Amino acid sequence: LHFCSDPMIWTKEACNGTDPSGTNRVWEKDSFNFDWIGDGLIYVYVLASQDNWPALMRQGIDSTGPTTGPRTDNISWFAVYYILVIVVGGFFLISASIGVFVQAFSVASVAMESLEPPPRKPARAALPYVFDPPTSTVRSRLYSIYTSMPFEKFLLLCILGNIVIMSFESYHDAAYSVGIQNGFNLFFMFTFGIEAFIALLAVYPRQFFTNFMNAFDMFVVLVSFASFAFELQFSSGTTVNPRMLRVVRVFRLFRTLRTLRILRSAKGLTVILDVLKRSVILIVNLLLLLLLVFYSCGVVGVAFFSHMCIDEHRTSDVVHRCDLIEPDSLLSSVSNFQNLGLGMIQLFELST
């Protein structure tokens, strides 16, 4: 990972004298290298943190030896080493550390809850709602259709087909492509509308809207029909207020909510969402802890580094001490420790 200050020179032996501009040639090494175990550990740590890893990988691939400069794609298979470091160090080890911390936090939370007094007896309103199956012949028939496995598989195919059709939309679509997309959108819209209508008739509205997913499906269906009505009015040539175009765009965006219907059929995704919902309190506590660490380090950074020069000082008409510093050594106007807010932003950039 060495090179000559003159890019026209490739070997260490030839890296002497002066370059065409009159500057002395110097045989240098990259700031990140493997010259000894300390530099190697720092290199691997930076690589595992995924900080500018494509440039580091390109640097390693182009390396040739201690006495020769870089050559493009000299060791292409060396990329495997970088990928392994990123996967093992950046994903597994960091994830394992977070998992250990979360597990320890959960154990501590359970221990603290055991010290608290037992909760009061739940009120009657907190008791779970019991589903009452339909007794009518028509409702029973519709309910059996709605809960049958073939009907669920058909809806799953429609959801997947809707996701595929939505991916075909692009800027300036051809006329035939727009026609195909509109045809499939109409089919999916009426299919989901009929499914919601059957579900609403199969059970009473009070029982239907008790389930959050049923209420969400009904909302998506109503928005889809409203979007279709607005688009039909525009296509008919009727004069419409231009402000309504924004409303139509919003309704078209709501079409993407159809893809979330797959959560009803994909049980694995439902389990993951349930785990995330239960982990919200833990995540909030972790974020508060991280905010406290950033705040403390930001105060320390302002106390020690607020005097460092930034590029705005050199643009001032007043003579400033920062005029004696090289421009490359100045901090950016948005990445410094001039105040606590900018300091915390700087720490966030460093942590990511």
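Residues numbered from 1 in each chain as written. Predicted model: local features only at pLDDT ≥ 70, side-chain atom pairs only at ≥ 80, totals over all residues. Heavy atoms only, no water.

### A word on the nonpolar core
- In terms of nonpolar packing, the biggest core is built from 17 residues, with Tyr 146, Phe 188, Phe 192 and Phe 208 touching the most fellow members.
- Counting only elements with at least two residues in this core, the list comes to helix H4 (137-146), helix H5 (149-166), helix H6 (175-202) and helix H8 (212-235).
- Of the residues forming this core, the biggest block, 6 residues, is contributed by H6.
- Here Phe 192 is in contact with Cys 158, Ile 159, Asn 162, Val 221, Arg 258 and Arg 261, once residues within four sequence places are set aside.
- In terms of nonpolar packing, the next biggest core, distinct from the first, is built from 11 residues, Tyr 43, Val 46, Leu 56 and Val 85 among them. (Core = buried A, V, L, I, M, F, W, Y, C linked by side-chain atoms within 4.5 Å. Buried < 20%, exposed > 50% of the residue type's maximum accessible area, 1.4 Å probe, protein only. Helix = DSSP H or I, 4+ residues; strand = E, 2+ residues; numbered from the N terminus. Contact = heavy atoms within 4.5 Å.)

### As for a nonpolar patch on the surface
- Residues Phe 154, Tyr 176, Ile 180, Phe 184 and Phe 187 make up a contiguous nonpolar surface patch of about 540 Å² in total accessible area.
- At 4 residues, the largest contribution of residues to the nonpolar patch is made by H6.
- Along the chain, the position of Tyr 176 falls in helix H6. (Patch = residues over 30% accessible without salt bridge, like charges linked within 9 Å, V, L, I, M, F, W, Y side chains within 5 Å. Areas by Shrake-Rupley, 256 points an atom, 1.4 Å probe, with all protein chains shown as cover. Salt bridge = Lys/Arg side-chain N within 4 Å of Asp/Glu carboxyl O.)

### Some details on the pattern of salt bridges
- By the definition in use, this model includes 3 salt bridges.
- In this structure, Arg 25 engages Asp 6 in a salt bridge whose closest nitrogen and oxygen atoms are separated by 2.8 Å. Placement of the pair is Arg 25 in the loop between strand S1 (2-4) and strand S2 (27-29) and Asp 6 in the loop between S1 and S2, with a sequence separation of 19 residues. The exposure classification of Arg 25 matches that of Asp 6, with both residues buried.
- Taken together, the salt bridges that share partners define one network made up of Arg 58, Asp 62 and Asp 73.

### Quick look at the environment of Tyr 43
- Locating Tyr 43 in the fold gives a position in helix H1 (residues 37-48).
- Note on Tyr 43: relative accessible area 0%, which makes it buried.
- Sequence separation between Tyr 43 and Asn 33 is 10 residues, and the spatial gap between their C-alpha atoms is 6.5 Å.
- If we skip the residues at most four places from it in the chain, Tyr 43 touches Leu 1, Phe 32, Asn 33, Phe 34, Leu 56, Gln 59, Gly 60 and Tyr 82.

### Overview of unusual backbone geometry
- A positive phi is found at Asp 73, a non-glycine position, where the angle reads about 55°.
- As for its placement among the helices and strands, Asp 73 is situated in the loop between helix H2 (53-62) and helix H3 (79-115).
- Its relative accessible area of 42% is what places Asp 73 among the partly exposed residues.

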